[in-house]
Amino acid sequence: MTNDFVLEAITREFPESVISHDTPYDFLTLEIKKEDIKKVIHHLKDSSLQINFLTDICGIHYPETPEKEIGVIYHLHNMMTNFRIRLKTFMTRENAEVDSMTDLYAGANWMERETFDFYGIKFKGHPDLRVILNMEDLGYHPMLKEYRLEDGTRTDKDDKMFGR
Amino acid sequence: MKDNALSNILNQHDSKEQIDGQLYTLNLGPTHPATHGIFQNVLTMDGERILHAEQTVGYIHRAFEKISERRNFTQITTLTDRMNYCSAPINNIGWHLTVEKLLGCEIPKRVDYMRVIMMELARISDHLICNGVIAMDAGAITGLTYLFQERERIYEMYEEVCGARLTTNMGRIGGFERDFTPKFHELLKTFLKKFPVVWQDFCSLNERNRIFMDRTINAGPISAERALSYGFTGPNLRATGVDYDVRVAQPYCSYEDFDFIIPVGTSGDTYDRFMVRQQEVWESLKIIEQAYTNLPEGPFHADLPEFYLPEKADVYNNMEALIYHFKIVMAETEVPKGEVYSCVEGGNGELGFYLVSDGGRTPYRLHFRRPCFIYYQAYPEMIQGGLISDAIVTLCSMNVIAGELDA
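Scoring rules and cut-offs
Sequence positions are assigned chain by chain, starting from 1 and proceeding in written order. Whichever chain is written first becomes A and whichever ligand is written first becomes 1, with later ones labelled in order. pLDDT decides what is reported in this predicted model: residues at 70 or higher carry local features, side-chain atom pairs at 80 or more are listed and counted, and totals for whole chains, interfaces and linings draw on all residues regardless. For the side-chain quantities, the full set of heavy atoms in the structure was used; hydrogens and water were omitted. UniProt positions are given in the numbering used here, feature names are shortened, and annotations may be inferred rather than shown by experiment. Secondary structure elements follow DSSP: runs of H or I no shorter than four residues count as helices, runs of E no shorter than two count as strands, and numbering proceeds from the N terminus. For a compact globule the rule gives 2.2 Å times the number of residues to the power 0.38, and the radius of gyration it is set against comes from C-alpha atoms. Burial classification: accessible surface area is computed with a 1.4 Å probe over protein chains only, and a residue below 20% of its type maximum counts as buried, one above 50% as exposed, and the rest as partly exposed. The contact criterion used throughout is that any non-hydrogen atoms of two residues lie within 4.5 Å. Any two of the Phe, Tyr and Trp rings considered here, Trp counted by its six-membered ring, make a pair once their centres fall within 6.5 Å; the pair's planes then place it as stacked at under 30 degrees, edge-to-face at over 60, or tilted in between. We call a charge positioned over a ring when the NZ of a Lys or the CZ of an Arg lies within 6 Å of the ring centre and within 35 degrees of the ring normal. For a helix, the expected span equals 1.5 Å multiplied by the residue count minus one. Residues grouped as a nonpolar core are buried Ala, Val, Leu, Ile, Met, Phe, Trp, Tyr and Cys residues, joined through side-chain atoms within 4.5 Å. For the purposes of this description, domain bounds are those given by an automatic or database domain assignment. By buried area we mean the combined loss of accessible area, with a 1.4 Å probe, across both parts when two parts are placed together. Here, a salt bridge means any Lys or Arg side-chain nitrogen found within 4 Å of an Asp or Glu carboxyl oxygen. Counting of polar contacts relies on pairs of N or O atoms within 3.5 Å, with two restrictions inside protein: one atom must be capable of donating a hydrogen and the other of accepting it, and residues adjacent in sequence are counted only when both atoms are side-chain atoms. Predictor confidence is given residue by residue as pLDDT, running from a minimum of 0 to a maximum of 100. Two strands are said to pair when DSSP picks up at least two bridges between them. Angles here are taken between N-to-C directions and fall from 0 to 180 degrees, while the axes themselves are lines fitted to C-alpha atoms, restricted in helices to the stretch in contact.

The name recorded for chain B in an unreviewed UniProt entry is NADH-quinone oxidoreductase subunit D, from Chryseobacterium salivictor. For the record of chain B, the UniProt heading Sequence similarities (unreviewed entry) holds the text "Belongs to the complex I 49 kDa subunit family." Here chain B is described in UniProt, under the heading Subcellular location (unreviewed entry), as follows: "Cell membrane".

For chain A, the name recorded in an unreviewed UniProt entry is NADH-quinone oxidoreductase, with Chryseobacterium salivictor as its organism. What UniProt states about chain A under its Function (unreviewed entry) heading is, verbatim, "NDH-1 shuttles electrons from NADH, via FMN and iron-sulfur (Fe-S) centers, to quinones in the respiratory chain." Here chain A is described in UniProt, under the heading Catalytic activity (unreviewed entry), as follows: "a quinone + NADH + 5 H(+)(in) = a quinol + NAD(+) + 4 H(+)(out)".

This is how it looks when you write it as structure tokens:
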């Protein structure tokens with residue numbers, strides 16, 4: 001299975017859903033429309049491509065691009081041929097909601113809870129969408145870029161000299 | 001019966017009210033001595049049988065992903081130590097491989113072999129703890145105390161290579177800080193000679209032990225389909241019969257040069273997980289012997305002056321070395337833009353690093369694919385319908401490390 005073969009198979013099946021594609025470090029990466037992400041992942045799982053192992057789900061935040069501010073990244077794997085693929089979907093901050101994969105993969109449950117916890121992305125159809133690693137009363141999603149690592153009110157630390 | 005334990009119990013009674021008085025809730029954890037870490041499980045019990053379990057995690061969450069966004073690439077190594085602290089060198093080297101992939105640099109063969117030796121020693125030390133603890137939780141503490149001596153020998157070797165024992169900070173981006181010392185060679189040779197005898201003793205102590213088998217066979221089983229659906233990898237997946245191993249499927253560090261097999265189980269229960277780890281230790285020993293016998297000559301680090309601290313003598317006498325030294329210490333070294341996913345076969349399974357770089361001095365986004373986080377969500381399903389004593393050995397046999405679970 002090659003990148004070109006899988007790319008062609010996906011674009012043939014979902015010509016409208018693929019926004020862009022790339023192969024950074026020889027890793028096929030597709031950007032998929034938010035509405036179609038579940039359809040595509042379902043197809044990869046059940047079709048003859050057999051990309052049926054969910055390796056990882058995580059979020060990402062790009063505050064500089066408001067129309068694609070929040071992203072969800074899926075890593076999928078075909079263990080038989082050792083083919084890996086990365087799917088991404090982007091959305092605005094106000095509309096950070098995407099379909100849950102819990103009915104396709106049992107493991108998606110906690111991965112989506114973690115993504116929700118850190119980025120506030122809601123997963124439609126998730127059976128139990130609660131924060132997982134942070135306190136329930138934290139009240140915000142700490143991996144968003146506007147939250148600094150250090151306490152912003154502290155004055156005893158100044159590391160601008162260190163280029164960070 | 002296992003999947004529908006609660007409904008079966010409910011069916012035996014006319015109404016839920018009738019059983020209300022019979023069921024009770026038990027808090028297993030967060031700091032229970034038998035769980036070896038901070039895991040809370042709220043169990044609904046019918047006598048000694050578990051009907052329902054719900055777990056809570058996050059007690060030691062230390063925000064490693066957020067911290068990584070403010071640290072340079074070298075400094076992140078110390079964070080990876082603290083995930084699966086039973087096999088820290090694997091995490092360290094996994095992280096270095098990720099950055100090296102992003103940099104696209106060439107690594108000398110000697111570095112690959114040295115890394116293989118360290119990673120396999122780490123895998124052995126990880127499995128020693130895990131299997132020793134399973135035996136202990138099944139009632140036999142002798143094996144664990146016996147194996148701790150061997151783990152000490154491995155830690156002495158870590159100490160020779162990097163100066164630390166538990167949180168190792170092993171190696172550098174591009175290779176190692178220094179070459180193997182003569183004392184390390186001595187320690188490794190002694191280990192290779194003496195350890196197989198000890199390991200054989202431990203195997204004989206448990207593998208066909210009637211009590212141990214009664215306690216572990218059929219305890220906490222999971223099918224291959226469910227394990228794959230949950231995203232299991234590593235010994236826990238191989239115990240169900242799936243022969244997936246990152247070292248073979250996607251070799252890194254020249255693993256393709258070595259001859260070893262992937263042990264698999266059949267039923268995915270505690271005994272199979274135990275046995276898979278037992279066998280893996282033998283395979284790791286085989287790999288170490290091959291790597292050590294064929295250890296190539298050559299440099300022990302890649303030609304990466306932007307990431308590799310120069311020799312102190314050079315810093316004093318050579319302008320370029322001084323500049324690089326300054327740049328590394330002041331975290332001014334940049335990496336190319338891009339995104340990579342790199343993974344290694346950790347002690348517990350596929351340990352993945354998803355790194356997005358915007359060309360700056362720190363990662364833009366770093367996500368750890370932590371195998372323990374993936375396993376632990378299957379825990380309630382695995383212990384449902386079993387006894388509470390099964391739940392304890394099941395948790396040990398999954399080798400859930402709190403540091404990696406919560407990262």
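Picking up where we left off.
Asks: Could you give an account of the overall build of chain B, naming the residues involved and the relevant values?
Replies: Summing up its helical and strand segments, chain B has 19 helices and six strands in all. Its C-alpha radius of gyration of 23 Å places chain B within 12% of the 22 Å reference for a compact globule of 407 residues. On the principal axes, the C-alpha backbone points of chain B span a range of 85 × 45 × 35 Å. Looking at chain B as a whole, 61% of its 407 residues qualify as buried. Partitioning the intrachain contacts of chain B with sequence separation of at least 6 by distance along the chain shows that 70% fall at a separation of at least 24.

Asks: Talk me through the packing of aromatic side chains; I want residue IDs and the actual numbers.
Replies: Tallied over the entire structure, the rule returns 26 aromatic pairs over all chains. Ring geometry for Tyr140 of chain A and Tyr147 of chain A: centres 4.4 Å apart, planes at 40 degrees, overall tilted. When its relative accessible area of 35% is taken as the criterion, Tyr140 of chain A is described as partly exposed. Looking at Tyr147 of chain A, the relative accessible area reads 29%, which means it is partly exposed. Pairwise contacts between aromatic rings join Phe191, Phe195, Trp199, Phe202, Phe212, Tyr271 and Phe274 of chain B into one cluster. For the cation-ring pair, Lys45 of chain A lies above Tyr105 of chain A, with the distance from its terminal atom to the ring centre recorded as 5.4 Å.

Asks: Go over helix H3 (residues 108-119) of chain A, please, and point to the residues and values.
Replies: Because the α-helix completes a turn every 3.6 residues, residues three or four places apart line up on one side. All names here are of chain A. For H3, spanning 12 residues, the distance from its first C-alpha to its last is 16 Å, which sits close to the expected 16 Å at 1.5 Å a residue. Among the 12 residues in H3, 11 count as buried, and that is most of the element. Taken together, the buried positions of H3 are occupied by Ala108, Trp110, Met111, Glu112, Arg113, Glu114, Thr115, Phe116, Asp117, Phe118 and Tyr119. After H3 finishes, the residue Gly120 shows a positive phi value of roughly 75 degrees.

Asks: Which residues make up the nonpolar core, and what values do they have?
Replies: Membership of the largest hydrophobic core comes to 176 residues, with the highest contact counts inside it found for Tyr74, Ile85 and Leu87 of chain A together with Ile117 and Met118 of chain B. Residue contacts for Tyr74 of chain A: discarding those within four places in its chain leaves Ile37, Ile41, Asp56, Ile57, Ile85, Arg86, Leu87, Thr89, Val98, Asp99, Met101 and Phe123 of chain A.

Asks: Can you lay out the domain arrangement of chain B for me, pointing to particular residues and giving the numbers?
Replies: Residues and elements named next belong to chain B. Partitioning chain B into structural domains gives domain 1 (2-56) and domain 2 (72-304 + 333-405). In this structure, domain 1 and domain 2 have C-alpha centres spaced 33 Å apart. Each side of the interface is counted separately: domain 1 has 21 residues, and domain 2 has 24 residues. Overall, the association of domain 1 and domain 2 removes approximately 1900 Å² of surface from exposure, summing both partners, and the carbon and sulfur fraction of that is 62%. At the boundary of domain 1 with domain 2, the tally comes to zero salt bridges. The tally of links between domain 1 and domain 2 comes to eight residue pairs in polar contact (both at pLDDT 80 or more). Of all elements in the fold, only strand S1 (23-28), strand S2 (40-46) and strand S3 (49-56) reach the threshold of two or more residues within the side of domain 1 that touches domain 2. Per-element accounting of the side of domain 1 that touches domain 2 gives the leading share, six residues, to S3.

Asks: Hey, could you go over the confidence of the model for chain B for me, with residue numbers and the actual values?
Replies: Residues and elements named next belong to chain B. The predicted model of chain B averages 90 in pLDDT, with 95% of residues at 70 or higher. Predicted confidence in chain B is weakest over helix H2 (residues 16-20), with a mean pLDDT of 58, and strongest over helix H13 (residues 270-293), with 96. What the predictor reports for the complex is a pTM of 0.93 with an ipTM of 0.93.

Asks: Lay out the UniProt feature "domain: NADH-quinone oxidoreductase subunit D" (unreviewed entry) in chain B in plain terms, naming residues and giving numbers.
Replies: What UniProt calls "domain: NADH-quinone oxidoreductase subunit D" (unreviewed entry) maps, in this numbering, to residues 137-406 of chain B. In the segment residues 137-406 of chain B, helix accounts for 51% and strand for 9%; the C-alpha atoms at its two ends are 23 Å apart.

Asks: Account for the sheet that holds strand S1 (residues 18-22) of chain A, naming residues and giving values.
Replies: Residue and element names in this part refer to chain A. What the five strands build is an open sheet, ordered S1-S2-S5-S4-S3; its pairing is mixed. Two strands close off the open sheet at either side, each with one partner strand: S1 and strand S3 (53-61). Sheet twist, expressed as the average angle between the axes of neighbouring strands with direction ignored, equals 20 degrees. Seen against the sheet, helix H1 (residues 3-13) touches S1, strand S2 (28-32) and strand S5 (83-91) and runs at an angle of roughly 15 degrees to S2. Across the sheet, helix H2 (residues 37-46) lies against S2, strand S4 (70-78) and S5, angled at about 170 degrees from S5, the strand it touches most.

Asks: Let's hear about the environment of Met170 of chain B: which residues, and what values?
Replies: Residue and element names in this part refer to chain B. Relative to the assigned elements, Met170 resides in the loop between helix H7 (142-162) and helix H8 (182-206). Along the backbone, Met170 and Ile90 are 80 residues apart, and their C-alpha atoms lie at a distance of 8.8 Å. Discounting chain neighbours no more than four positions away, the residues touching Met170 are Pro89, Asn92, His96, Met118, Tyr158, Val161, Cys162 and Phe176.

Asks: Lay out the side chain of Asn91 of chain B with the relevant residues and their values.
Replies: With respect to the helices and strands, the residue Asn91 of chain B is situated in helix H5 (residues 88-103). Excluding anything up to four places from it in sequence, Asn91 of chain B contacts Thr80, Asp81, Met83, Asn84, Leu351 and Phe353 of chain B.

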